[in-house]
Amino acid sequence: MLKIIDLTTGYGPVEVLHDVNLDFKDSRIVTVLGANGAGKSTLIKTISGILKPWKGSILFDGKDISRMSTSQIAKMGIVHVPEGRHIFPNLTVRENLLLGGYFRSDKGNKETLDQVLKLFPALKERINQKGGNLSGGEQQMLAIARGLMAKPRLLLLDEPSLGLAPILVSEIFQTVKSLAQQEGVQVLLVEQNARKALDISDTGYVMVLGRIVLSGTSDELKENPEVRKLYLGGQNV
Amino acid sequence: MFNLVLRGLATGSIYSLTAVGIVLILSTTNVMNFAQGDTGMFLTYIAFFFILRGIAPSLTLPIVIVAGAVLGYLVYKGLISKAKKSSHLGMMIITLGLTMIFEGIVATFFGNIPLLFPPLIPGDPVHFGSVILDRQDILCLVTALVVFGILSFILYRTKIGIAARSIADDEYASRVLGIPINRIHSFIWAISFGLAGLAGIMTAPRLSLQPLFMVVVQLKAFTAAVLGGMNSVTGAIWGGLILGVMENLVAYYVPAIKESFSLLLIVAILLFLPNGLFGSREAGRS
Amino acid sequence: MKKKILPFLLLILALLIPLVFNARPSIVAYINLAIIYAVSAVGLNLLLGVAGQISLGHAAFMGIGGYTSAILMIRYGIPSIVSVLAGGLLAGLFGLIIGFPALRLKGFYLAIATMALGTAVTDVIKRMEILGADRGLTNVPPVTIFGYQFSSEFAKYYLYLAILLLTIFLVNNLLKSKTGMAFRAMRDSEVAAKVFGINISYYKVLAFVISSFLAGVAGAMYGHSLSYLHPDMFGFGLSIEFLAITIIGGIGTLWGPVLGSALWVIVPRLFGTKLEAMAGVLFGVVLILVVLFLPRGLSELIMRINKLFKKEEGERS
């Protein structure tokens, strides 16, 4: 279980996150909402070890992971699916997937590959094609599937809906939801598509200019007038 | 004609070996390694040192590969990984510094006088019907074939090789997946320096051994790499072979331009075919 | 006032140097070589350090200048002043030609292209019978001005020193001019320079022309000084030497190339003949250290030490 305490970090001299606190408790899916530049991606990068914290701690199952390298963090079961997909365009779908489980045994990888392909049948058909030849939606599926190859206990999803058609977004969110419910993977979801994100998550946090300003269950957030005005377009839920 | 082509392939395979080293390092670590040739030169002198002490020439083959791998690992760990903050051009200049170090060491211990490096397998040329080939040429071709076979197995069939290709594709994504970038970089430097050593002892018996003997080969290797698109190992292999054959044919039919041929080719390709013949994607000339 | 005294003292010191080494013309010959290198390195520094364009073929321009000036004097009896300038101009013309690839190529690729073109120049010289092909050109006459032959090392010293100081004076003015500003803008950000309406193509080619011109003049001095020329003198190795000299001395600084050249020529002599090659190792190590820790080269180090002293003085008073 993930717990973040007083996390502060940034790039170069610029402080981006200020004393961020976040606690997964028993939630399956937690969403962090926020406008562009609020620091959501920075938060995810810091959890996965790409960015080092300046101050504060990140606990995973009570263990402080804030000084660990990305490899070590990934080995503990925290997997980061980056914004903009970042699949490997010149590698085949199979190679992309195998790299997701880089530090696992070949045998374990093979079993996981079969399981993952069951979840994403579209990828199975294109297993020997180059990643760069997939459509945008397929690439996002591949990015998530690649993350699953590491057998994560916590999946960090950064803007999975970015640049996708609404129907594909719904499909991906359904997949995420079933992952959390059936496979027991916890998911930290960072999204601009607040409505769909809140629909599938248990808990939500709202981030403004690098600070958490509001948190609560998804239902509470959906009812909150501020959230509705700023992130849900003021419409009825 | 057939003879010319075969010999061209033998020479070309040396270019390929060198070019592959350059491309591997460039595409995974983003360093344009101007020390690839001189690394080979340095390792060949190490082989020569052993030959002087009575080791059979053919046994220096494994010696240079291992010594090269160790040297590549050390150079990466001790220098390149510490210099990550430098610009790309800064890294390139560091490799030029390396050439000065290698040349200086060799000149101090062996002087600048050309030395005779024995052929790895002695004996008369072999006749295949009308085709006559030096044993050394055959060795070059066979070695290159074996090396490229092993290399493509590593790059396409092993986890570390696939990971190396993934770094070339998108280093950030590899990092996000928790792939140990540094370990794979040092692996690539080890392989590339091993290849440099091989290219060195394949070249030395054809020319003579002196501190600058690999400079021309490196230049040709750059041509081969550029021909192959600069980011593709397959391209570099083909680039080297094609260059070797073209050079031989040009030297035979148009001897007047034989020296400058590959030099002008390099510039022409850079200017007019920026992705080379095999470059799969935008090579990013910056 | 105090500011003007130091350069003046240095100038007097420079003028007295031959007297100090009166008994040893061979030492003055080394100093002369350092001066020739410095003129060429100032040119490369303008290209690399100020305009931000890499070249691994700088030595080839020296070759063009050297051969041109020599052949004009030997074959056509053209006065030195004209032949040396002509050497510079022809090198500049080749710089113009090589400047064009630079419009399309950047970084690594420009490095490879200039390396290839530089090597091509020496290959072509090797094929030209009129230039002595690969036997080289011997009996290159010394510089002669109004009948006076600059053949002794001491005479050469004053002439070359004058050329170097003139070069630095002109380059210093250039750096302060609009052109210098355009060069720097181009180096720092091509996009920004374009936004400010700077004609990138023009200035890139101009940087190549000026730097090649200076290399050509230095090459002419080189030939007249050594009295022989060979294509291999101007190969890839020398181009790398100049890159190292410029970077070690201090890229983008006015006096850095001079400092670099002086070290380059003089330090190996301190090692003695047996270990001379070890100087190459030392320079390689220094080059790497400079890239890693001293982006402005050794002249930055000197300035830092200077500042340190000044601070201490200030604290004392």
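Residues numbered from 1 in each chain as written. Chains lettered and ligands numbered in written order. Predicted model: local features only at pLDDT ≥ 70, side-chain atom pairs only at ≥ 80, totals over all residues. Heavy atoms only, no water.

**Overview of the overall build of chain C**
For step 1, the next point in the chain: For chain C, the count of helices and strands is 13 helices and two strands.
For step 2, the next point in the chain: A compact globule built from 317 residues would reach a C-alpha radius of gyration of about 20 Å, and chain C, at 20 Å, matches this within 12%.
For step 3, the next point in the chain: Once the C-alpha set of chain C is aligned to its principal axes, its extents read approximately 65 × 55 × 40 Å.
For step 4, the next point in the chain: Burial status across chain C gives 53% buried among its 317 residues.
For step 5, the next point in the chain: Nonlocal contacts in chain C, meaning residues at least 24 apart in sequence, comprise 77% of its contacts between residues at least 6 apart. (Helix = DSSP H or I, 4+ residues; strand = E, 2+ residues; numbered from the N terminus. Rg over C-alpha atoms; globule rule 2.2 N^0.38 Å. Buried < 20%, exposed > 50% of the residue type's maximum accessible area, 1.4 Å probe, protein only. Contact = heavy atoms within 4.5 Å.)

**Observations regarding the packing of helix 6 (residues 153-176) of chain C against helix 9 (residues 200-226) of chain C**
Residue and element names in this part refer to chain C.
For step 1, the next point in the chain: Where helix 6 contacts helix 9, the two axes come as close as 12 Å, and the packing angle between them is 175°. What the angle tells us is that helix 6 and helix 9 run roughly antiparallel. Of the residues in helix 9, those in contact with Lys156, Tyr160, Ile163, Thr167, Val171 and Leu174 of helix 6 are Ile210, Leu214, Val217, Met221, His224 and Ser225.
For step 2, the next point in the chain: Here the residues of the contact of helix 6 with helix 9 sort into eight nonpolar, three polar and one charged. (Axes fitted to C-alpha atoms, helices over the stretch in contact; angles between N-to-C directions. Parallel < 35°, antiparallel > 145°, perpendicular 65-115°, else oblique. Nonpolar A, V, L, I, M, F, W, Y, C, P; charged D, E, K, R; others polar.)

**Looking at the interface of chain B and chain A**
Accessible area lost when the parts come together is the quantity often used to give the size of an interface.
For step 1, the next point in the chain: Taken residue by residue, the interface counts 21 residues in chain B and 23 residues in chain A.
For step 2, the next point in the chain: With both chains or domains summed, chain B and chain A bury close to 2000 Å², and 61% of this area falls on carbon and sulfur atoms.
For step 3, the next point in the chain: When the buried area of chain B at its contact with chain A is split by residue, Lys159, Tyr172 and Leu177 of chain B rank highest and sum to 33% of it.
For step 4, the next point in the chain: Our count for the contact surface shared by chain B and chain A stands at two salt bridges.
For step 5, the next point in the chain: Of the charged contacts in the structure, one is a salt bridge between glutamate 95 of chain A and arginine 165 of chain B, with a shortest N-O distance of 2.9 Å.
For step 6, the next point in the chain: Counting every contact that joins chain B to chain A gives six residue pairs in polar contact (both at pLDDT 80 or more).
For step 7, the next point in the chain: Ranked by residue count, the leading element in the side of chain B that touches chain A is helix 6 (residues 159-169) of chain B, at seven residues. (Buried area = accessible area lost by both parts, 1.4 Å probe. Salt bridge = Lys/Arg side-chain N within 4 Å of Asp/Glu carboxyl O. Polar contact = N/O pair within 3.5 Å; in protein donor to acceptor, adjacent residues only side chain to side chain.)

**Observations regarding the interface of chain C and chain B**
For step 1, the next point in the chain: On the chain B side, the residues contacting the 38 residues of chain C number 41 residues.
For step 2, the next point in the chain: Summed over both sides, the interface of chain C with chain B buries roughly 3400 Å², with 83% coming from carbon and sulfur.
For step 3, the next point in the chain: Our count for the contact surface shared by chain C and chain B stands at three residue pairs in polar contact (both at pLDDT 80 or more).
For step 4, the next point in the chain: Among the elements of the structure, helix 4 (80-104), helix 5 (107-127), helix 10 (236-250) and helix 12 (272-293) of chain C are those that each provide at least two residues to the side of chain C that touches chain B.
For step 5, the next point in the chain: The leading source of residues in the side of chain C that touches chain B is helix 5 of chain C, at 14 residues.
For step 6, the next point in the chain: Among the residues forming the side of chain C that touches chain B, the class breakdown is 30 nonpolar, four polar and four charged.

**Observations concerning the sheet that holds strand 5 (residues 63-64) of chain A**
Residue and element names in this part refer to chain A.
For step 1, the next point in the chain: Spatial ordering of the open sheet is given by 2-1-4-5, a layout of four strands whose pairing is antiparallel. Strand pairing shows two members of the sheet lacking a second neighbour, strand 2 (14-23) and strand 5, which therefore form its edges.
For step 2, the next point in the chain: Here six bridges tie strand 1 (residues 2-11) to strand 2, and the two strands are oriented antiparallel to one another. Considered in strand 2, the bridge of leucine 7 is made with valine 20.
For step 3, the next point in the chain: Running over the sheet, helix 1 (residues 40-47) touches strand 1, strand 2 and strand 4 (55-60) and is turned about 110° from strand 1. (Pairing = 2+ DSSP bridges.)

**Thoughts on the nonpolar core**
One broad rule of soluble globular proteins: the nonpolar side chains tend to lie buried together.
For step 1, the next point in the chain: In this structure, Met32, Phe34 and Met230 of chain B together with Leu56 and Ile112 of chain C are the most contacted members of the largest nonpolar core, which totals 200 residues.
For step 2, the next point in the chain: It is helix 2 (residues 25-50) of chain C that provides the largest number of residues to this core, a total of 16 residues.
For step 3, the next point in the chain: Grouped together as the second largest cluster of nonpolar side chains are 35 residues, Ile127, Val169, Phe173 and Val176 of chain A included. (Core = buried A, V, L, I, M, F, W, Y, C linked by side-chain atoms within 4.5 Å.)

**Some remarks on the sheet that holds strand 6 (residues 78-81) of chain A**
Residues and elements named next belong to chain A.
For step 1, the next point in the chain: Overall, mixed pairing links the six strands, which are arranged 6-7-8-3-9-10 in an open sheet. Of all strands in the sheet, those bounded by a partner on one side alone are strand 6 and strand 10 (211-217). Sheet twist, expressed as the mean angle between neighbouring strand axes with direction ignored, is 15°.
For step 2, the next point in the chain: In terms of strand pairing, strand 3 (residues 29-34) meets strand 9 (residues 203-208) through five bridges, oriented parallel. Across the sheet, glycine 34 pairs through a bridge with methionine 207, a residue of strand 9.
For step 3, the next point in the chain: Helix 6 (residues 136-148) contacts strand 6 and strand 7 (154-158) of the sheet and is inclined by roughly 165° relative to strand 6.

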